[in-house]
Amino acid sequence: MNEPDSLDALLRVHAEVGKAVVGADGAITGLIIGLITRGHVLLEGVPGTAKTLLVRALAKSLDIDTKRVQFTPDLMPGDVTGSLLYDRGASEFRFRPGPVFTNLLLADEINRTPPKTQAALLEAMAERQVSVDGEAKPLPTPFMVAATQNPIEYEGTYPLPEAQLDRFMLKVRMDLPSRDQEIEILNRHTHGFDAADLDAAGLKAVASASDIEAAIRAVAAVEVHPQVQAYIVDIARATRQTPSLSLGLSPRGGTALLATARAWAWLSGRNFVTPDDVKRMAPTTITHRLALRPEAELEGVAPESILQTVMDSIPVPR
């Protein structure tokens, strides 16, 4: 599969998902960028903004293995990663793989489960393996976690720790639709659209695992000029020196911004990264990795506005 073929396949995926979800172009692109950068994506929005539907539609558009876990307060780590079961016939314990052993895992309402179970995903997301009884069991390739969460101020939620947030390549906000988009949603339902039956909506698989792997290789080959690399480093270092932040962008966050900027450039039909690509991907790649100081939180300062101020202060390479 060559580069143009894989790009066309992923553009078809974007169009296919759009059959089910109205007004979510940015979120669809974010999920695709997660796939082709070997990253993970966190979708946040109030209930009813089609977060789960979006991931289900993506899964339907891809010819890969997908599984879903509904995160609840009583969910145990083994319910996600798998567990050892005793085999009476063989007189030994055997490992039963959990739903994390898949290509695309929908972690639905991930912040409704306690930190112990949230942490069960850390190794899988970072190292693409699960350790069981001292033995590392590799996950399939490709592998991506697409998680949904309600805003943390909603009842019954457990805030994700910084270490876990940092494992997500992107955090995408699902906003309420515009008036015209909401009219289109009602129009689709008037004409028989059923979110529970994506087959009836005409969704089908239009890309395969080989398309994704080809895209991953193509994105990794996108050129990044040393000045653009230095621009990313300057952004990261500036966040660490910002008085309003107790936690700035880590080196891992800088490499994530490099990867997402490459992916955006490739999806835009270019084999090189521009500073505008970095600017375009910075908000969704960086803001969830920043931690506000208590006084800034009390003043109602948003991480997005701090990031914008930081980026405005950094000279852009030409």
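Located above this text is the structure these notes cover.
Keep in mind that what you see is a predicted model, and the values were worked out from it rather than measured. (Residues numbered from 1 in each chain as written. Predicted model: local features only at pLDDT ≥ 70, side-chain atom pairs only at ≥ 80, totals over all residues. Heavy atoms only, no water.)

Asks: Hey, could you run me through the overall build of the protein in this one?
Replies: Along the protein, the regular secondary structure elements total 14 helices and 13 strands. Taking 318 residues into account, the globule formula puts the C-alpha radius of gyration at 20 Å, and the protein, at 20 Å, falls close to it. Seen along its three principal axes, the alpha-carbon backbone of the protein occupies a region of about 65 × 45 × 45 Å. Considering the protein as a whole, with its 318 residues, one finds that 48% of them fall into the buried category. Sequence separation of 24 or more characterises 78% of the internal contacts of the protein that already satisfy a separation of 6 or more. About 15,300 Å² of surface is accessible on the protein, with carbon and sulfur atoms providing 52% of the total. Of note, the protein has its 32 positive side-chain charges centred 2 Å away from the centre of its 40 negative side-chain charges. (Helix = DSSP H or I, 4+ residues; strand = E, 2+ residues; numbered from the N terminus. Rg over C-alpha atoms; globule rule 2.2 N^0.38 Å. Buried < 20%, exposed > 50% of the residue type's maximum accessible area, 1.4 Å probe, protein only. Contact = heavy atoms within 4.5 Å. Areas by Shrake-Rupley, 256 points an atom, 1.4 Å probe, with all protein chains shown as cover. Lys, Arg positive; Asp, Glu negative; His and termini not counted. Charge placed at Lys NZ, Arg CZ, Asp CG, Glu CD.)

Asks: Whenever I open this one, helix H12 (residues 275–286) confuses me. Can you help?
Replies: Note on helix geometry: an α-helix contains 3.6 residues per turn, so any two residues three or four positions apart are oriented the same way. Under the 1.5 Å per step criterion, the end-to-end length of H12 is 15 Å for 12 residues, consistent within 8% with the ideal 16 Å. Listing the buried residues of H12 in full gives Pro275, Asp277, Val278, Met281, Ala282, Thr285 and Ile286. Each buried residue of H12 sits inside an arc of 140 degrees when the element is viewed along its axis, so together they form one side. For H12, the secondary structure elements touched by its buried residues are helix H2 (25–36), strand S10 (170–173), helix H10 (226–240), helix H11 (251–267) and helix H14 (303–312). (Expected span 1.5 Å × (residues − 1). Arc of directions from axis to C-beta.)

Asks: I keep staring at the pattern of salt bridges and nothing clicks. Help me out?
Replies: Between side chains of opposite charge, a pair can form when the charged atoms approach closely. If you walk through the whole model with that rule in mind, you get 14 salt bridges. In this structure, the salt-bridge partner of Arg68 is Asp108, at a minimum N-O distance of 2.7 Å. Residue Arg68 is located in strand S3 (residues 66–70), and its partner Asp108 is located in strand S6 (residues 104–108); the two are separated by 40 residues in the primary sequence. On the basis of relative accessibility, which here comes to 3%, the residue Asp108 falls in the buried class. (Salt bridge = Lys/Arg side-chain N within 4 Å of Asp/Glu carboxyl O.)

Asks: For this particular structure, what's the right way to read the sheet that holds S10?
Replies: Taken together, the five strands give an open sheet; going across it, the order is S3-S6-S9-S1-S10, and neighbouring strands pair in parallel fashion. Each edge of the sheet is formed by a strand with only one pairing partner; in this case those strands are S3 and S10. This sheet shows a mean twist of 15 degrees between the axes of neighbouring strands, independent of strand direction. Here five bridges tie S3 to S6, and the two strands are oriented parallel to one another. Bridged to Lys67 within S6 is Leu105. Against the sheet, helix H3 (residues 51–61) makes contact with strand S1 (41–44), S3, S6 and strand S9 (144–149), and its axis sits at roughly 170 degrees relative to S6, the strand it touches most. (Pairing = 2+ DSSP bridges. Axes fitted to C-alpha atoms, helices over the stretch in contact; angles between N-to-C directions.)

Asks: For this particular structure, what's the right way to read H11?
Replies: Along its 17 residues, H11 runs 25 Å from first to last C-alpha, staying within 8% of the 24 Å computed at 1.5 Å per residue. Taken residue by residue, H11 has Gly253, Gly254, Ala256, Leu257, Thr260, Ala261, Ala263, Ala265, Trp266 and Leu267 as its buried positions. Two residues or fewer past H11, Gly269 is found with a positive phi of approximately 90 degrees.

Asks: Looking at this structure, how should I read unusual backbone geometry?
Replies: Glycine aside, the phi torsion of most residues is negative, and most peptide linkages are trans. Following Thr141, the chain continues to Pro142 via a peptide bond in cis, the omega torsion being -5 degrees. Within the element layout of this structure, Pro142 appears in the loop between strand S8 (135–138) and S9. Of note, Ala50 is a non-glycine position whose phi angle comes to about 70 degrees, a positive value. With respect to the helices and strands, Ala50 occurs in the loop between S1 and H3.

Asks: I tried to follow the pairing of strand S4 (residues 82–87) on my own but got confused; where do I start?
Replies: Within a regular strand, side chains alternate between the sheet's two faces. Judged from the six bridges that link them, S4 and strand S5 (residues 92–97) form a sheet pairing that is antiparallel. Bridging from a neighbouring strand, Leu84 pairs with Phe95 of S5. The turn linking S4 back onto S5 is made up of four residues, and Ser91 within it adopts a positive phi angle of 55 degrees.

Asks: Please explain the nonpolar core as it appears in this structure.
Replies: One finds Leu31, Ile36, Leu54, Leu58, Trp266 and Val278 to be the most contacted residues of the largest nonpolar core, which totals 73 residues. Look past the residues within four positions of Val278 in its chain and what remains in contact with it is Val228, Tyr231, Ile232, Ile235, Leu257, Ala261 and Val273. Listed in part, the 23 residues of the second largest apolar core include Leu42, Val132, Ala147 and Leu165. (Core = buried A, V, L, I, M, F, W, Y, C linked by side-chain atoms within 4.5 Å.)

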